[in-house]
Amino acid sequence: MTEPGWTLVLEHFQHPRNMGCMESPDAVSEDVNELCGDRIRFQLSRSPHGVGTAMFLGDGCAISIATASILTEKVTGLGLDEVARISIDDVIEDLVADVKSGRRQCVGLPIKVLQDAAHKLVAMDIGK
């Protein structure tokens, strides 16, 4: 039986949204949690206003995969400054789950990787 509040985490873990490879991403970032081995990779396309499309690949726990899945939906269409302000607490609220302090890293890894990819989009604009 699923603990109350974890339904969305399990739904996104079992049926992740936007999981796969983007054909021609504008920015890619990947990182791993050395403590547990979770690995997340984000691929972003640029839109005139910020993030056009977000996709991810991952091998990790239910929380990290669910976080990555939710983030792909959350950031599509957002400005890069808005992506930079996403916090662990914001995503835990989106997950609707009681994520204990020891598992906050599971939420933090996908956020860090996503924000790194978004930073690469900003760097592309600066380089023009």
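Look above for the structure.
If you're wondering where the values come from, they're calculated on a predicted model, not measured in any experiment.

**A closer look at the sheet that holds strand β2 (residues 39–47)**
Then step 1. Judged by pairing direction, the sheet is antiparallel, and its three strands sit side by side in the order β1-β2-β3 without closing on themselves. Strand pairing shows two members of the sheet lacking a second neighbour, β1 (27–32) and β3 (50–59), which therefore form its edges. Each neighbouring strand pair of the sheet contributes to a mean axis angle of 15 degrees, computed without reference to strand direction.
Then step 2. Relative to β3, β2 runs antiparallel, the two being bridged by nine bridges. Looking across to β3, one finds that Gln43 is bridged to Met55.
Then step 3. Together, β2 and β3 form the strand contacts of helix α2 (residues 62–75), whose direction differs from that of β3 by roughly 165 degrees.

**As for the environment of Leu10**
Then step 1. Along the polypeptide, Leu10 turns up in helix α1 (residues 7–14).
Then step 2. Taking the relative accessible area as the measure of exposure, Leu10 reaches 29% and is therefore partly exposed.
Then step 3. Sequence separation between Leu10 and Ala62 is 52 residues; the distance between their C-alpha atoms is 6.7 Å.

**Digging into the nonpolar core**
Then step 1. Membership of the largest hydrophobic core comes to 35 residues, with the highest contact counts inside it found for Phe42, Leu44, Val75, Leu95 and Val107.
Then step 2. Taken together, the elements giving at least two residues each to this core come down to β2, β3, α2, α3 (80–84), α4 (88–95) and α5 (104–127).
Then step 3. Sorting elements by how many residues they give to this core places α5 first, with nine residues.
Then step 4. For Leu44, the contacting residues outside a window of four places in its chain are Met22, Pro25, Asp26, Ala27, Val51, Thr53, Ala54, Leu114, Ala117, Ala118 and Leu121.

**As for unusual backbone geometry**
Both trends apply: most residues other than glycine have a negative phi, and most peptide bonds are in trans.
Then step 1. For Asn18, which is not a glycine, the phi torsion comes out positive at approximately 55 degrees.
Then step 2. Within the secondary structure, Asn18 is located in the loop between α1 and β1.
Then step 3. By relative accessible area, which is 33% here, Asn18 ends up partly exposed.

**Remarks on the side chain of Ser64**
Then step 1. Position of Ser64 among the secondary structure elements: in helix α2.
Then step 2. Classification of Ser64 by relative accessible area gives buried; the value is 0%.
Then step 3. There is a polar contact of 3.2 Å between the side chain of Ser64 and the side chain of Asp38.
Then step 4. If near-sequence neighbours (up to four positions away) are discounted, Ser64 is found in contact with Asp38, Ile40, Cys106 and Pro110.

**Re the pattern of salt bridges**
Then step 1. Applying the stated criterion across every chain yields a total of 10 salt bridges.
Then step 2. A salt bridge links Asp89 to Arg104; the nearest nitrogen and oxygen atoms lie 3.1 Å apart. Pair noted here: Asp89 is in helix α4 and Arg104 is in helix α5, with a separation of 15 residues, a long-range link.
Then step 3. By relative accessible area, Asp89 is classed as partly exposed at 48%.
Then step 4. Residue classification places Arg104 among the partly exposed positions, given a relative accessible area of 29%.
Then step 5. Taken together, the shared-partner salt bridges connect Glu11, Arg17 and Glu73 into one network.

Analysis parameters
Residues numbered from 1 in each chain as written. Predicted model: local features only at pLDDT ≥ 70, side-chain atom pairs only at ≥ 80, totals over all residues. Heavy atoms only, no water. Pairing = 2+ DSSP bridges. Helix = DSSP H or I, 4+ residues; strand = E, 2+ residues; numbered from the N terminus. Axes fitted to C-alpha atoms, helices over the stretch in contact; angles between N-to-C directions. Contact = heavy atoms within 4.5 Å. Buried < 20%, exposed > 50% of the residue type's maximum accessible area, 1.4 Å probe, protein only. Core = buried A, V, L, I, M, F, W, Y, C linked by side-chain atoms within 4.5 Å. Polar contact = N/O pair within 3.5 Å; in protein donor to acceptor, adjacent residues only side chain to side chain. Salt bridge = Lys/Arg side-chain N within 4 Å of Asp/Glu carboxyl O.

From the geometry alone we can't say anything about function, so treat these as descriptive.
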